[in-house]
Amino acid sequence: KEEETIIATDLTSAVATMSPSATACSAEHSAPPNAESFVGRLLSDDDDAIRALCAGCAPEDSTQSAREQLAASLALDGPADPSLNIGTDEAAQVVAHFCMHHGADTRTSRTMIDVLLLLQPTPSPCDLWLCLAALVRRFAPVALLPGAGHAILYLCRLFESLLLFHDPEIALLLKRAGVSAELYCLPWLCTAHATGMADLMTVLHVWDRWADGGEPLDPVFLGLARLSLCRDELLLCGPVPELAQLLHTSLGTKQHATERVADAALRRAADLKSVTPLSFLKRLQDALLRPTPEAPAAAKAPAPEAPLAGAAGPSASGGYPRAEAKVEEQTKKGPAWAKNIGQRASGWLRRAGDGAAPLPAKASTPPGRPTVEPIACMKVEAQDVMMLETVKERHFDRVREEVARRSSAEVDESADGGGTSPSHKDAVVAAPDSGSDVCRLVPRLIDLRNTGEVHRLGIKGVKAVDVTKRSCAADFVQWSTQKKIDFSNYGLMPMHVLLTSVGTMNADQESFLKTVLMSHVAGLCVLSGGYASLEPFFISGGPDGAGTGGGPGFDTQAAQAALAAGAQDAQKLLHKGVTGLQLLWEKAPSRKELKERLAVAQGKNESSLGETFERAPLPPLEALLAAGTVAPAQLEDAASLSGPAASASAPAAEAEASQTGET
């Protein structure tokens, strides 16, 4: 263990030597955003939206606007309680009022207020309260839940699946090192990156970019982008126990908190969102905005939970007794490790700019807690597979039109003697980026079913993989690498949708998936529901385009009834054929009858033998000599040879003739 610690320390120092230091990399900030413009864009200058934010915390008075009512409510509360440890200024008063009525954590909310205080000119307490409420509701809604432990667990499991889909190498590295997603996802989910980023001005710059068209998923994908920007440092370190501390340090350094790096991370986050399946985006958004009251089945691993929510009077711990009672009540229902969630999260929930609290090399494992929780592969719906035609129309067809247009322009310019136009490769790369922010995934079904089921229930256009072969994983890795190269020219990413019978995997299919993931193939997901989920989208193969092929208005039960009737008719025909063969066999003659018929046929053949013609006699030798066929010398030789034989056989011929006459 000491040797591993020394190696990790050396690697960390090597990383610090290779990259610019935090003091040398000074952040060059642009002018801070204008407070009035920021508040107007964030709230959309809508009085109804402001009134909805202030609902329940301001007295209802129709003669006053929502801002005036909120200002009156803030004036009634007075300064914040010193026991909350958030200060006694006007910002602390805003934080205390907001946490009392909306049930958020005081320290976390104070961090977000400190970012808003950088606006120029400094906003009024009423505007600070409205901006804090809008930011939390829009980009950190999980922070308002009165006991968000289960929701955070589920979101962290979804984030691990998302990371495995986009970067399997980093996902497996963090899992081997025992770094769970709760250790680095919590500040993204609860503070919208206000905690964990070294420069608050950069955080304000990010929020200013989100003020116009941001959505709740933006903090999640920004965290994924920031994680991908420091992947080289993580790979250099390897799966050592100190990997969690290195990750914490890398994400919190000054060099990762500049506006230039933040802009690169925002662009990377937008690209990652465009190559994520739409059904998974919906599932992730539902987990943020509409979490289930009970813990999902997938969220069974431990997760740090911030001391969220509150109402009533403050307590010494910085929260409010009613919210803490709810959290304690929910943690009592869970396993024993849930009681230590807040302690594990305390290192992350700190004010930005303070010194990074060193994390322990390896956290102690409470009894009953699993050491390593396996990563679940992302599951998608059949609608994601149907996006193929849309991607073809919006990207491939557009590229072909762009290439054809530029080719014709190049021919015209060359004929006129003008300059050269962009090449084919430039047109392929530039065309998809022309104002298109739609999904950039190219789905392809990978059929992992057995050979018999593939032949019986085959689907056109899929890639069948026989998982029983030893080289199936290596062949698939080679094929997927080539597909990635081909689609990258169009600005697209391949998505390999694994098709099974019912949506679950057997031992061979799981072995194939693990081997492919160990080869760091991105874009792997499993079709939820298996083959049955695709049946409503099947189309008929008939010439008229109608029939039992699926599509809109397709009656599955009627199609199954028609298939059952056809199978019954086929069974009847087969039964009739077998019955006919049996009747033919019964009518066939016996062996005895066949022998008698054969004997009669042989007798008829013997009686007809005397009616055959006799052989014609040979021509005499004189005729052959006259015709010139035989030479005289040959005739003499034949006579000399046949003479004695003829004389010797003459008496025998006479005796045979006399005997024949007697007969």
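Now for a quick tour of the structure.

Criteria and thresholds
- Residues numbered from 1 in each chain as written.
- Predicted model: local features only at pLDDT ≥ 70, side-chain atom pairs only at ≥ 80, totals over all residues.
- Heavy atoms only, no water.
- Helix = DSSP H or I, 4+ residues; strand = E, 2+ residues; numbered from the N terminus.
- Buried < 20%, exposed > 50% of the residue type's maximum accessible area, 1.4 Å probe, protein only.
- Contact = heavy atoms within 4.5 Å.
- Areas by Shrake-Rupley, 256 points an atom, 1.4 Å probe, with all protein chains shown as cover.
- Pairing = 2+ DSSP bridges.
- Axes fitted to C-alpha atoms, helices over the stretch in contact; angles between N-to-C directions.
- Core = buried A, V, L, I, M, F, W, Y, C linked by side-chain atoms within 4.5 Å.
- Expected span 1.5 Å × (residues − 1).
- Parallel < 35°, antiparallel > 145°, perpendicular 65-115°, else oblique.
- Left-handed = near helix turned anticlockwise from the far one by under 90°.
- Salt bridge = Lys/Arg side-chain N within 4 Å of Asp/Glu carboxyl O.
- Right-handed = clockwise from strand over helix to strand, strands pointing away.
- Polar contact = N/O pair within 3.5 Å; in protein donor to acceptor, adjacent residues only side chain to side chain.
- Nonpolar A, V, L, I, M, F, W, Y, C, P; charged D, E, K, R; others polar.

**As for the overall build of the protein**
Check the secondary structure of the protein and you find 28 helices and five strands. Scored against the burial criterion, the 663 residues of the protein give a buried share of 42%. Across the protein, the fraction of contacts at a sequence separation of at least 24, relative to all contacts at a separation of at least 6, is 73%. Of the roughly 36000 Å² that the protein leaves accessible, carbon and sulfur atoms contribute 56%.

**Observations concerning the sheet that holds strand E2 (residues 441-447)**
Spatially, E1-E5-E4-E2-E3 is the arrangement adopted by the five strands of the open sheet, whose pairing is parallel. Each edge of the sheet is formed by a strand with only one pairing partner; in this case those strands are strand E1 (379-380) and strand E3 (463-464). One ladder, built from two bridges, connects E2 with E3; its direction is parallel. What sits directly across from isoleucine 446, in E3, is lysine 463. Lying over the sheet, helix H23 (residues 472-488) contacts E2, E3, strand E4 (493-499) and strand E5 (524-527), oriented at roughly 145 degrees with respect to E4.

**Focus on the nonpolar core**
Ranked by internal contacts, the top residues of the largest apolar core, which has 145 residues, are Leu116, Phe159, Tyr184, Trp207 and Leu243. Top contributing element to this core by residue count: helix H7 (residues 125-139), with 11 residues. Those residues in contact with leucine 116, other than ones at most four positions away along the chain, are Phe38, Pro123, Leu128, Cys131, Leu132, Leu135 and Trp207.

**Considering helix H16 (residues 278-289)**
Think of an α-helix as 3.6 residues a turn; residues three or four steps apart then line up on the same face. Over its 12 residues, H16 extends 16 Å from the first C-alpha to the last, a length consistent with the 16 Å expected when each residue adds 1.5 Å. Those residues of H16 that sit buried are Ser279, Phe280, Leu281, Leu284, Asp286, Ala287 and Leu288. In this structure, the buried residues of H16 make contact with helix H8 (149-166), helix H10 (182-191), helix H12 (218-229), helix H15 (259-274), E1 and helix H19 (382-385).

**Regarding the packing of H8 against H10**
Viewed as axis vectors pointing N to C, H8 and H10 meet at an angle of 110 degrees, and their least axial separation amounts to 10 Å. Considering the angle they form, H8 stands roughly perpendicular to H10. In this structure, H8 crosses over H10, and the sense of that crossing is right-handed. Note on element contacts: H10 touches H8 through Glu182, Tyr184, Cys185, Leu186, Trp188, Leu189 and Cys190, opposite Ile152, Leu153, Leu155, Cys156, Arg157, Phe159 and Leu163.

**Focus: H23**
Over its 17 residues, H23 extends 24 Å from the first C-alpha to the last, a length consistent with the 24 Å expected when each residue adds 1.5 Å. Looking only at H23, the buried set comprises Cys472, Ala473, Phe476, Val477, Trp479, Ser480 and Phe487.

**Focus on the pattern of salt bridges**
A complete count under the given rule lists 18 salt bridges for this structure. In this structure, aspartate 208 engages arginine 41 in a salt bridge whose closest nitrogen and oxygen atoms are separated by 2.3 Å. Taken together, the residues aspartate 208 in helix H11 (residues 200-213) and arginine 41 in helix H2 (residues 35-43) connect sequence positions 167 residues apart. Of the residues examined, arginine 41 reaches a relative accessible area of 25% and is grouped as partly exposed. Ionic pairing is found between arginine 449 and aspartate 447, a salt bridge with its closest N-O pair at 2.8 Å.

**A few points about the pairing of E5**
Along any regular strand the residues' side chains alternate between the sheet's two faces. Of the strand pairs in this sheet, E1 and E5 are connected by two bridges, and their pairing is parallel. What sits directly across from valine 380, in E5, is leucine 527. Sheet analysis places E4 next to E5, joined by three bridges and oriented parallel. If you follow valine 497 over to E5, its bridge partner there is cysteine 525. In this fold, the crossover linking E4 to E5 by way of helix H24 (residues 507-518) has right-handed handedness.

**Examining the side chain of arginine 449**
With respect to the helices, strands and loops of the structure, arginine 449 is situated in the loop between E2 and helix H22 (451-456). A distance of 2.8 Å separates polar atoms of two side chains, one belonging to arginine 449 and the other to aspartate 447. Reaching out from arginine 449, the side chain makes a polar contact with the backbone oxygen of leucine 457 at a distance of 2.7 Å. With residues up to four places along the chain from it excluded, the contact list for arginine 449 reads Val454, Leu457, Gly458, Ile459, Val465, Leu499, Thr500, Ser501, Gln509 and Tyr531.

**Digging into the environment of aspartate 475**
You can see aspartate 475 is positioned in helix H23. For aspartate 475, a relative accessible area of 45% puts it in the partly exposed group. For the pair aspartate 475 and valine 465, spaced 10 residues apart in sequence, the C-alpha separation works out to 9.2 Å.

**With respect to the packing of H10 against H12**
Running from amino to carboxyl end, H10 crosses H12 at an angle of 140 degrees, the nearest separation of the two axes being 9 Å. One finds that H10 runs oblique with respect to H12. Along this stretch, H10 crosses H12, giving a crossing that reads as right-handed. Across the interface between the two elements, Tyr184, Trp188 and Leu189 from H10 touch Pro219, Val220, Gly223, Leu224, Arg226 and Leu227 from H12. Looking at the contact of H10 with H12 residue by residue, the classes come out as seven nonpolar, one polar and one charged.

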